[in-house]
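Analysis of the macromolecular model
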2 protein chains.
Amino acid sequence: MSENNNLSVSAAQACVLGFAETDGSEEIPLERALGRVLAEDVRANRDQPPYDVSAMDGFAVRSADLATGGVLLTVIEDIKAGDLPKKTVASGQCARIMTGAPVPPGADAVIRVEDTRMLTDDSVEITVPVKAGNDIRVRGENMRHGDVVLHAGTEITPGVIGLLATVKRARVNVHRRPRVAILSSGDELEALEAPFDADKIPESNSHALMAQLQALGIEPVRLGIARDDPAELAGFLRQGLDYDVLLVSGGSSVGVHDHVRPTLEALGVAMHFWRVEMKPGHPLAFGTRGGTLVFGLPGNPVSSMVCFEQFVLPALRRRMGHPALFRRTVTATLAHPLKHRPGRMEFIRVTLATEANGRLRATSTGAQSSGDLCSMARADGLLVVPAESGNLAAGDLVQVQLLDGSLYQRTAGFVEEAA
Amino acid sequence: MSENNNLSVSAAQACVLGFAETDGSEEIPLERALGRVLAEDVRANRDQPPYDVSAMDGFAVRSADLATGGVLLTVIEDIKAGDLPKKTVASGQCARIMTGAPVPPGADAVIRVEDTRMLTDDSVEITVPVKAGNDIRVRGENMRHGDVVLHAGTEITPGVIGLLATVKRARVNVHRRPRVAILSSGDELEALEAPFDADKIPESNSHALMAQLQALGIEPVRLGIARDDPAELAGFLRQGLDYDVLLVSGGSSVGVHDHVRPTLEALGVAMHFWRVEMKPGHPLAFGTRGGTLVFGLPGNPVSSMVCFEQFVLPALRRRMGHPALFRRTVTATLAHPLKHRPGRMEFIRVTLATEANGRLRATSTGAQSSGDLCSMARADGLLVVPAESGNLAAGDLVQVQLLDGSLYQRTAGFVEEAA
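Within the secondary structure, Glu-190 of chain B is located in strand E14 (residues 189–190). At 2.7 Å, the side chain of Glu-190 of chain B forms a polar contact with the side chain of Lys-168 of chain A. Beyond its immediate chain neighbours, meaning those up to four positions away, Glu-190 of chain B contacts Arg-46 and Lys-168 of chain A together with Pro-195, Phe-196, Asp-197, Lys-200, Ile-201, Pro-202, Glu-203 and Ile-225 of chain B.

In structure tokens, the structure reads:
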């Protein structure tokens, strides 16, 4: 074994990301673009707003008329959004105006309806003074024709979708998503669709991995379960290497029955490492053939998921052009002591609760057996114990990676009163 | 106007949630279940593990043989995952065993391969003592046949998918997703597919709302743009009321051109409130007809999105059976002062960065005009300023709601060293 064995988590991440480049781009309709990443700069196709518009429902006035309060003005016109004003506002006059409607010539300010009192149908009392420009959104205030409003590399969130619609982009150029294949391996595994066999272990890793990929917007292909037969395994791996990313679940331990690594090497895959100093997830292999990334994930269900989070996820996000590659980490207060012997970085499944002071509190899901998916099913996040850390005490501040599903909480998390 | 005008954000949320009940359930295949919510308890279909298995690659031994270190044992069998052991381990003997393989009769502990040294093909030196039970995962340790392993109301994350596959559930019973329609209204609006018109305002709200719904797993129907014509509007609203949830964008202000509210009332919708003490998003209307929820969202693009986040999102999540209804909030340090006059709760668009101490730092995206989607497109979150708060100072701790896309960050957020 070479010095590439037993990398730290950071070194292994750096190694993987060194081989992950963005895939090509494609044009897709706006309504399918959520979660994708722009592969082009996007420019404004006009000034926004296209003319001076009212920011309020109220009255367009001449500010000079309102040096004092309690002024009576004659309403000469009704302007709603979508109308073009027909008249010019002269001294002593005003126009009723709606939010988003064009400010008529002559007027230089808007008074919101709450600061006025209708006397008759065409006479209004203005109760406050006003400065020029009040409650007017000026032409081009948000964007000017030709400005770059979105840069290549921007993740397409709902706000970005709104902005793309504003500049009339019904189709956008985005980074491609990699094609991903999942292969499970092991004689002991019973497929989901196979009949019950008391001596077998149900195969769950390919399903959990599929869901982890779906959460990233990728629809993977599950190749099936390769039995511990070199020829069958080679056939499956050859198929998998036609994809951009191949995830092999199980079969990558140091044990004598491990065919996966030598078979991958025989198929031309350069293996870059096969162990990472972490818990769970020790036996993790990574190799490449051309642009194809191959991950040999541990067979233990929790180890498989945790390794996906730390290595596969950032690599896939880089390939899809995302600038933010890693899970969001938040600071939380540890609810109880945690034993840790310096050596490996450890990822502890935790639930998060919000304390009265707004701080997050992290509590272990209990048993941290790497075979126990129950704990992973309950977890909001992964508490990261640095490799060289000693034991942790209740009340220590810790870093927690947020997992899928943790973007929501049970209470609103805010109150009307000041903190 | 009644006392239902001008509710606080919390009171308006409570009002909306009081009308939101879970929809029915449906059975779907596991590979489409990510993000859904279980509508049934799920039980284990066997013990997990199904028999005592090795937690390591190593040797199955009799612990009594290893009272002292440096013991030589004869290897009588090779057991890999999926095999059934054929022999009984007697004193002085052991079996080579792989992770997940059944522990053979006679053996009561496993020694990992790292603590052994092969002398010949069938002779191994064990270098450490061992206790009975070492590195054995006991039958039923993770779950026992018949145990409820997942409760109704559980959100289906990748970990839950793995667990469902473990108990062989190829199909699951989940809460339905509501059918949602979006209607835009206003003469000034130019549809995305319509030709460019310099006097019009591009319609973006329905696209942003669609993306917000898609982020919740809902594929909405966009009904189109209703012009400011009572008959046309009534026709569209009638259509929209056939859905479970109807979002009406624009047209819900206090202005004289507002047809939406009276038209909804004429169609039998009971209006519960039409203003909320918040910024942005003041003119927000909510009504119901039977089980249908109707939201009149503000026409300003940012107000529309922020109101969706605070009111529509929790209502939809409750209908879909989610126990966690609200956006995750995190504590951050404010990067700069923020002016705030007590009165309305305010939602400030901010970006988040992770400081060296792991704490999040919130910085305003700049201009907070409710018409400026650029700021929403850049935001990681919404800083919540409590209604009764005064000005905030740089360094103050604030609560930030995480928006879509903020589940990822640019750096890993952890280091190998202890904190």
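Moving on to the sheet that holds strand E18 (residues 270–273) of chain A. All names here are of chain A. Here six strands make up an open sheet; going across it, the order is E16-E13-E17-E21-E20-E18 and the pairing mixed. Either end of the sheet is taken by a strand with one partner, and the two such strands are strand E16 (221–226) and E18. Direction aside, neighbouring strands of the sheet carry axes that sit 20° apart on average. Relative to strand E21 (residues 292–297), strand E20 (residues 285–289) runs antiparallel, the two being bridged by five bridges. Within E21, the position partnered with Ala-285 by the bridge is Gly-296. Contacts from helix H1 (residues 9–18) reach E18, E20 and E21, with the element oriented near 150° to E18. Along the sheet, helix H3 (residues 205–215) contacts strand E13 (180–185), E16, strand E17 (245–249) and E21; its crossing angle with E13, the most-contacted strand, is approximately 160°.

Opposite the 130 residues of chain B that make contact, chain A presents 130 residues. Inspection of the chain B/chain A interface yields twelve salt bridges. Close ionic contact of Glu-190 of chain A with Arg-46 of chain B constitutes a salt bridge, the shortest N to O distance being 2.6 Å. Along the contact surface separating chain B from chain A lie 37 residue pairs in polar contact (both at pLDDT 80 or more). Taken together, the residues of the side of chain B that touches chain A sort by class into 59 nonpolar, 35 polar and 36 charged. Across two bridges, the pairing between strand E28 (residues 408–409) of chain A and strand E22 (residues 326–327) of chain B is antiparallel. Looking at E22 of chain B, one finds that Tyr-408 of chain A is bridged to Arg-327 of chain B.

Turning next to the pairing of strand E6 (residues 93–97) of chain A. Residue and element names in this part refer to chain A. Counting buried residues in E6 gives four out of five residues, a clear majority hidden from the surface. Pairing of strand E4 (residues 58–61) with E6 involves three bridges; the strand directions are antiparallel. Considered in E6, the bridge of Phe-59 is made with Arg-96. Summarising the sheet, strand E5 (residues 71–79) and E6 pair through five bridges and their orientation is parallel. Residue pairing across strands places Val-75 opposite Cys-94, the latter belonging to E6.

Within helix H2 (residues 158–166) of chain A, nine of the nine residues are buried, which leaves the element mostly enclosed by the surrounding structure. Within H2 of chain A the residues assigned to the buried category are Pro-158, Gly-159, Val-160, Ile-161, Gly-162, Leu-163, Leu-164, Ala-165 and Thr-166 of chain A.

For the pair chain B and chain A, the relating rotation is 180°, the translation along its axis is 0.0 Å, and the fit reaches an RMSD of 0.0 Å. Both copies are brought into coincidence by an operation consistent with a two-fold rotation axis. Interface residue correspondence from chain B to chain A reaches 100%, placing this contact among same-surface, isologous pairings.

Attention now goes to the state of the cysteines. All names here are of chain A. Throughout the structure, instances matching the rule amount to zero disulfides over all chains. For the unlinked cysteine Cys-374, the closest cysteine sulfur is that of Cys-307, found at 20 Å. Since its relative accessible area comes to 12%, Cys-374 is described here as buried.

What follows is about the sheet that holds E6 of chain A. Strands in a sheet are paired, the pairing made by backbone hydrogen bonds, and the direction either parallel or antiparallel. Residue and element names in this part refer to chain A. Reading across the sheet, the six strands line up as E7-E4-E6-E5-E9-E8 and stay open at both edges, with mixed pairing between neighbours. Looking at strand neighbours, the two that pair on one side only are strand E7 (109–112) and strand E8 (116–120), the edges of this open sheet. Taken over all neighbouring pairs, the strand axes of this sheet differ in orientation by 40° on average, direction set aside.

Residue and element names in this part refer to chain A. Looking at the element boundaries, Ser-123 is found in strand E9 (residues 123–126). According to the relative accessible area criterion, Ser-123 is buried, its value standing at 17%. Discounting residues that sit within four places of it in the chain, Ser-123 has contacts with Leu-73, Val-75, Arg-117 and Met-118.

One can describe the packing of H2 of chain A onto helix H3 (residues 205–215) of chain B by two numbers: an axis separation of 8 Å at closest approach and a directional angle of 155°. Compared by their axis directions, H2 of chain A and H3 of chain B come out roughly antiparallel. The crossing of H2 of chain A and H3 of chain B is right-handed. Facing H2 of chain A, whose interface residues are Pro-158, Ile-161, Gly-162 and Ala-165 of chain A, H3 of chain B presents His-207, Ala-208, Ala-211 and Gln-212 of chain B.

This next bit is on the environment of Leu-407 of chain B. Following the sequence through the fold, Leu-407 of chain B ends up in the loop between strand E27 (397–402) and strand E28 (408–409). On a C-alpha basis, the gap between Leu-407 of chain B and Asp-380 of chain B in space is 8.9 Å, while along the polypeptide they are 27 residues apart. The residues touching Leu-407 of chain B, leaving out its near neighbours within four places in the chain, are Phe-326, Arg-327, Arg-328, Leu-402, Leu-403, Asp-404, Ser-406 and Leu-407 of chain A.

By size, the foremost hydrophobic cluster in this structure holds 179 residues, and its most contacted members are Leu-247 and Phe-295 of chain A together with Leu-247 and Phe-295 of chain B. For Leu-247 of chain A, the residues in contact, after removing those within four places along its chain, are Val-180, Ala-181, Ile-182, Leu-183, Leu-209, Leu-213, Phe-295, Leu-297, Phe-308 and Val-312 of chain A.

The next subject is the domain arrangement of chain A. All names here are of chain A. Segmentation of chain A into domains returns domain 1 (9–23 + 177–319), domain 2 (28–47 + 152–175), domain 3 (53–137) and domain 4 (329–402). In this assembly, 15 residues from domain 1 lie in contact with 13 residues from domain 4. When domain 1 packs against domain 4, the two sides together hide about 1,300 Å² of surface, and 65% of this comes from carbon and sulfur. Area buried by domain 1 at its contact with domain 4 is led by Lys-279, Val-302 and Gln-310, which between them contribute 38% of it. Run the count over domain 1 and domain 4 and you get one salt bridge. With its nearest N and O atoms 3.8 Å apart, the salt bridge here joins Arg-344 to Glu-277. The interface formed by domain 1 and domain 4 contains four residue pairs in polar contact (both at pLDDT 80 or more). It is helix H6 (residues 301–319) that provides the largest number of residues to the side of domain 1 that touches domain 4, a total of seven residues.

Rules used in this analysis
Residues numbered from 1 in each chain as written. Chains lettered and ligands numbered in written order. Predicted model: local features only at pLDDT ≥ 70, side-chain atom pairs only at ≥ 80, totals over all residues. Heavy atoms only, no water. Helix = DSSP H or I, 4+ residues; strand = E, 2+ residues; numbered from the N terminus. Polar contact = N/O pair within 3.5 Å; in protein donor to acceptor, adjacent residues only side chain to side chain. Contact = heavy atoms within 4.5 Å. Pairing = 2+ DSSP bridges. Axes fitted to C-alpha atoms, helices over the stretch in contact; angles between N-to-C directions. Salt bridge = Lys/Arg side-chain N within 4 Å of Asp/Glu carboxyl O. Nonpolar A, V, L, I, M, F, W, Y, C, P; charged D, E, K, R; others polar. Buried < 20%, exposed > 50% of the residue type's maximum accessible area, 1.4 Å probe, protein only. Least-squares fit on C-alpha atoms with pLDDT ≥ 70 in both. Disulfide = S-S within 2.5 Å. Parallel < 35°, antiparallel > 145°, perpendicular 65-115°, else oblique. Left-handed = near helix turned anticlockwise from the far one by under 90°. Core = buried A, V, L, I, M, F, W, Y, C linked by side-chain atoms within 4.5 Å. Domains from an automatic or database assignment. Buried area = accessible area lost by both parts, 1.4 Å probe.

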